[in-house]
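Below are the chains, spelled out letter by letter.
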Amino acid sequence: ATPNETWPTQRGFERFYGFLEGETSYFFPARILHNNMVAPIDEYPPDYYATDDWTDKAMSFVRTVRNDDAAQPFFLYLAYNAVHGPLQAKDCDLAKYRGRYDAGWDAIRAARLAKQKAMGLVPADAQLSPRDPSVPAWEDVPAEQRELFVRHMETYAAMLDCVDQNVGRLVAQIDAMGELENTIFVFSSDNGGTSSGGPAGAIHFNRRFAGLSPLPVDHDVGMREHIGTGRVSALYPMGWGQVSNTPFPSFKTYTGGGGRRVCMIVSWPKEIADRDAVRTQFTHVTDVMPTLLDLAGVPALTTSHGKPAMPIQGVSFAPSL
């Protein structure tokens, strides 16, 4: 009922499918919008999962563009809500990760840094930041709580695995269209891992949105089998957020490295010759748009809706590609 001038199709996108709230269920998302209308969805099929749905629509949008014009370039912004809470995953993906995190966050964090060094992603002399004071040492976590905590991270991994599968589906379609070589892919994340779940995480994290106090960890222990399902709105303990932010300290919403430094992968087979190379230049999110305009040879807008356009902040990082 309020003005929608900030919605995607008022901001330059020709089509939009998704949700505008901060988070939603992966099995039965509320208020999906199609362009400017609430999508007429009465129920979801038993095998519905949001990550698959976003990809289906994205692939459909690309096919529509190509069916309308064989040569028209397209800009697709595929913004998966995974791995944002609530932690919910498909059974087939969850099964792959049972037991994978039993070693705990301290050992896995150290192993992750070693692998990052071996891959050349961080300097060889990089040091692991100290464990956050609010994160207990894994060896001090009671056994029954360990079983609870690993379920959170198994679900997180399963959700990310599903994203990987779906990115692969999109890449395969563009390859089948014969356009993979001249398509620019930019893959990144909006922020680092979060500490919002606190030291023990939460099975019903959405209680906080209703002004309710968190449930005791003993309650969550008894409900651990529901983590990953649509019955709960789980969020992982902050110890796993620190694993995701390896080797940096701090978390999402904070200015420490763990909150603001994330991965970024750029692929453009036709123009980037040294594939798989690691770049060390520091790039900011505001640099993405001027870079894409630069690579596409498109000038920035000077006016928008009859008014002077806001100047674009950031600079092109095309030279580093």
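Attention in this report is confined to the structure presented alongside it. The structure displayed is predicted, hence computed values, not measured ones.

## What to know about the sheet that holds strand 2 (residues 33-34)
Working step 1: In space, the 3 strands of this open sheet follow the order 1-2-3, with antiparallel pairing throughout. At either margin of the open sheet sits one strand with a lone partner, and together these are strand 1 (17-18) and strand 3 (37-38).

## What to know about helix 1 (residues 50-68)
Working step 1: Helix length check: helix 1, at 19 residues, gives a terminal C-alpha distance of 27 Å against a target of 27 Å (1.5 Å per residue), a fit within 8%.
Working step 2: Turning to helix 1, its buried residues are Ala50, Thr51, Asp52, Asp53, Trp54, Thr55, Ala58, Met59, Phe61, Val62, Val65 and Arg66.
Working step 3: Among the structural elements, strand 1, strand 2 and helix 4 (143-176) are those in contact with the buried residues of helix 1.

## Brief notes about the layout of surface pockets
Working step 1: The volume enclosed by the second largest pocket comes to roughly 210 Å³.
Working step 2: Forming the walls of the second largest pocket are 17 residues, and the residues nearest its centre are Gly201, Ala202, Phe205, Pro214 and Leu215.
Working step 3: Classifying every residue of the lining of the second largest pocket by side-chain character gives 9 nonpolar, 5 polar and 3 charged.

## Details of unusual backbone geometry
Working step 1: Backbone torsion omega between Ala82 and Val83 reads 10 degrees, so that peptide bond is classified as cis.
Working step 2: When you line up the elements, Val83 lands in the loop between helix 1 and helix 2 (91-94).
Working step 3: Here Thr246 and Pro247 are connected by a cis peptide whose omega angle stands at 0 degrees.
Working step 4: Along the chain, the position of Pro247 falls in the loop between helix 6 (238-244) and helix 7 (257-260).
Working step 5: The backbone of Asn35 sits at a positive phi, close to 60 degrees, despite the residue not being glycine.
Working step 6: Mapped onto the fold, Asn35 is located in the loop between strand 2 and strand 3.

## Points about the nonpolar core
Working step 1: Trp54, Tyr101, Trp105, Met159 and Trp240 are the most contacted members of the largest nonpolar core, which totals 44 residues.
Working step 2: Looking at this core, the elements with two or more residues in it are helix 1, helix 3 (105-118), helix 4 and helix 6.
Working step 3: Examining the composition of this core, we find that 10 residues originate from one element, helix 4, more than from any other.
Working step 4: In contact with Met159, not counting residues within four places along its chain, are Tyr26, Tyr49, Ala82, Val83, His84, Pro86, Leu87, Gln88 and Ala89.

Rules and cut-offs
Residues numbered from 1 in each chain as written. Predicted model: local features only at pLDDT ≥ 70, side-chain atom pairs only at ≥ 80, totals over all residues. Heavy atoms only, no water. Pairing = 2+ DSSP bridges. Helix = DSSP H or I, 4+ residues; strand = E, 2+ residues; numbered from the N terminus. Expected span 1.5 Å × (residues − 1). Buried < 20%, exposed > 50% of the residue type's maximum accessible area, 1.4 Å probe, protein only. Contact = heavy atoms within 4.5 Å. 1 Å grid on protein atoms, 1.4 Å probe; cavity = no way out; pocket = protein on both sides within 12 Å on 5 of 7 lines; lining within 4 Å. Points joined across faces, edges and corners; volume = space filled by probe spheres on them. Nonpolar A, V, L, I, M, F, W, Y, C, P; charged D, E, K, R; others polar. Core = buried A, V, L, I, M, F, W, Y, C linked by side-chain atoms within 4.5 Å.

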